[in-house]
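Remarks on the overall topology
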Amino acid sequence: MASFKTCPTCDRRNDAVNATCTFCGTALAQAEIFDAPALERPRLTINHHPVQVPLKTELIIGRADRANDWIPDIDLTPHGGNAASGVSRRHAQLVWDGTWWIQDLNSANGTLVNQVPVTPGQRVALPDGAIIQIGTLYIIFYN
Ligand SMILES: [Zn+2]
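Residues numbered from 1 in each chain as written. Predicted model: local features only at pLDDT ≥ 70, side-chain atom pairs only at ≥ 80, totals over all residues.

1. A few points about the sheet that holds strand 10 (residues 111-113)
How we decide: Note on pairing: two strands pair once DSSP finds at least 2 bridges between them. The helix count covers DSSP runs of H or I at least four residues long, the strand count covers runs of E at least two residues long, and both are numbered beginning at the N terminus.
Strand order in this open sheet of six strands is 5-4-14-13-10-11, and the pairing throughout is antiparallel. Edge strands, defined here as strands with exactly one partner in the open sheet, are strand 5 (49-50) and strand 11 (116-117). Both strand 13 (residues 131-134) and strand 14 (residues 137-142) contribute to a ladder of four bridges, which runs antiparallel. Its bridge partner lying in strand 14, isoleucine 132 is registered against isoleucine 139.

2. Topic: the sheet that holds strand 2 (residues 13-15)
Put simply, the rule is: A fitted line through C-alpha atoms represents every axis, and for helices the fit uses only the stretch in contact; the resulting angles, taken between N-to-C directions, go from 0 to 180 degrees.
Taken in spatial order, the three strands of this open sheet run 2-1-3, and their pairing is antiparallel. What marks the edges here is a single partner per strand, and that holds for strand 2 and strand 3 (33-36). Sheet twist, expressed as the mean angle between neighbouring strand axes with direction ignored, is 50°. Note that strand 1 (residues 2-6) and strand 3 share four bridges and pair antiparallel. In the sheet register, alanine 2 faces strand 3, and the bridge partner there is alanine 36.

3. Quick notes on the pairing of strand 8 (residues 92-96)
Examined bridge by bridge, strand 6 (residues 58-62) and strand 8 share four bridges and lie antiparallel to one another. Paired with isoleucine 60 across the bridge in strand 8 is glutamine 93. Pairing geometry for strand 8 and strand 9 (residues 100-104), over five bridges, is antiparallel. Along strand 9, the bridge assignment pairs leucine 94 with isoleucine 102. Count of turn residues in the strand 8/strand 9 antiparallel hairpin: three residues, of which glycine 98 carries a positive phi of about 115°.

The analysis is restricted to geometry; functional conclusions fall outside its scope.
If you want it as structure tokens, here you go:
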């Protein structure tokens, strides 16, 4: 377990030690501290190959666009994620609040979880072993 505070402005989760919100800068002095499971990286694989995932509570999945200095937190380029395979630069986002959720970021080709389309703007919980389809890529999610 670890201790957290929820930002009163943007509603996102911060470490309890943070004086200000990592995401919007709001002072967190008034925010209540609560305990929840500690943040752990989700394990993602594509065709049995592990996908590199940084330790963050919000992870953008997409493809790098080096000409415009854009590298998503989870870059699918090394796994064949490109425009032809239907992967957007900012395709989907994983959000952690004690469990992992996914939301589609208005991607051109959408995101599916276990064959069900994710409605843009809605968060969908990710069960262990969920199959996330992004373009033509199938990503397996493990808690
Ligand atoms: Zn905030």
